[in-house]
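Commentary on secondary and tertiary structure
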Amino acid sequence: MTDQIEYTFSTPDGCELDVRNVKGTISVEGWDRSETQVVAHPRVEWARVDIHQEGRQIVARVKDGQGPSGIVGWLGHGRLPAVDFRVRLPFDRDAILC
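Owing to the predicted nature of the structure, the values given are computational and were not obtained by experimental measurement.

**Digging into the environment of R33**
By the element assignment, R33 lies in the loop between β3 (26-31) and β4 (35-42). The exposure class of R33 is partly exposed, given its relative accessible area of 44%. With 55 residues separating them in the primary sequence, R33 and R88 have C-alpha atoms 9.1 Å apart.

This is the structure:
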């Protein structure tokens, strides 16, 4: 695995969470902060991940990366890399999971 990507957003009034992941895991847990944290753990160094906030919505996406070259790249052409996500949401706030 490569280095993790971590973002923490202020969500005192709750949020809508939209995480899209074709490969890998998504775990969601509560915590006692008024923030939402999204941590991505790419399994390959060429993975590209986009995590951002749009108003009340927290968005996390795995994007198509360049990938390895040569025969390995040719065999995996068009596939998204595996990324594991861990999300922490406030216990006492409303959240809508998309």
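So that's the structure; there's more coming.
**Examining the nonpolar core**
Within the largest apolar cluster, 16 residues are counted, with the highest numbers of intra-cluster contacts made by V38, I51, V83 and F85. Residue assignment for this core shows that the elements contributing at least two residues are β2 (15-20), β4, β5 (48-54), β6 (57-63) and β7 (83-90). The residues contacting F85, other than those within four sequence positions of it, are V19, N21, T25, I26, S27, V38, V39, A40, V49, I51, A60 and V62.

**Some details on the environment of S10**
Along the polypeptide, S10 turns up in strand β1 (residues 5-10). With relative accessibility at 52%, the residue S10 sits in the exposed group. Between the C-alpha atom of S10 and that of R33, which follows or precedes it by 23 residues, the distance is 9.2 Å. The contact partners of S10, leaving out residues within four places of it in the chain, are S34 and Q53.

**Describing the pattern of salt bridges**
Within the structure shown, the criterion is met by five salt bridges. Put simply, R88 and E29 hold a salt bridge, and the shortest N to O gap is 3.2 Å. Of the two residues, R88 sits in strand β7 while E29 sits in strand β3, which places them 59 residues apart along the sequence. In this structure, E35 and R33 form a salt bridge, with 3.8 Å as the shortest nitrogen-oxygen distance. One network of salt bridges, with partners in common, ties together D18, R20 and R61.

**Here we look at the sheet that holds β1**
Strand order in this open sheet of four strands is β1-β4-β7-β3, and the pairing throughout is mixed. Every other strand in the sheet has two partners, leaving β1 and β3 as the edge strands with one partner each. In this sheet, adjacent strand axes meet at a mean angle of 15° when their direction is disregarded.

**A look at the side chain of D84**
Counting through the fold element by element, D84 comes out in strand β7. The exposure class assigned to D84 is buried, which follows from its relative accessible area of 12%. Side-chain polar atoms of D84 contact the side chain of R43, separated by 2.8 Å.

Rules used in this analysis
- Residues numbered from 1 in each chain as written.
- Predicted model: local features only at pLDDT ≥ 70, side-chain atom pairs only at ≥ 80, totals over all residues.
- Heavy atoms only, no water.
- Helix = DSSP H or I, 4+ residues; strand = E, 2+ residues; numbered from the N terminus.
- Buried < 20%, exposed > 50% of the residue type's maximum accessible area, 1.4 Å probe, protein only.
- Core = buried A, V, L, I, M, F, W, Y, C linked by side-chain atoms within 4.5 Å.
- Contact = heavy atoms within 4.5 Å.
- Salt bridge = Lys/Arg side-chain N within 4 Å of Asp/Glu carboxyl O.
- Pairing = 2+ DSSP bridges.
- Axes fitted to C-alpha atoms, helices over the stretch in contact; angles between N-to-C directions.
- Polar contact = N/O pair within 3.5 Å; in protein donor to acceptor, adjacent residues only side chain to side chain.

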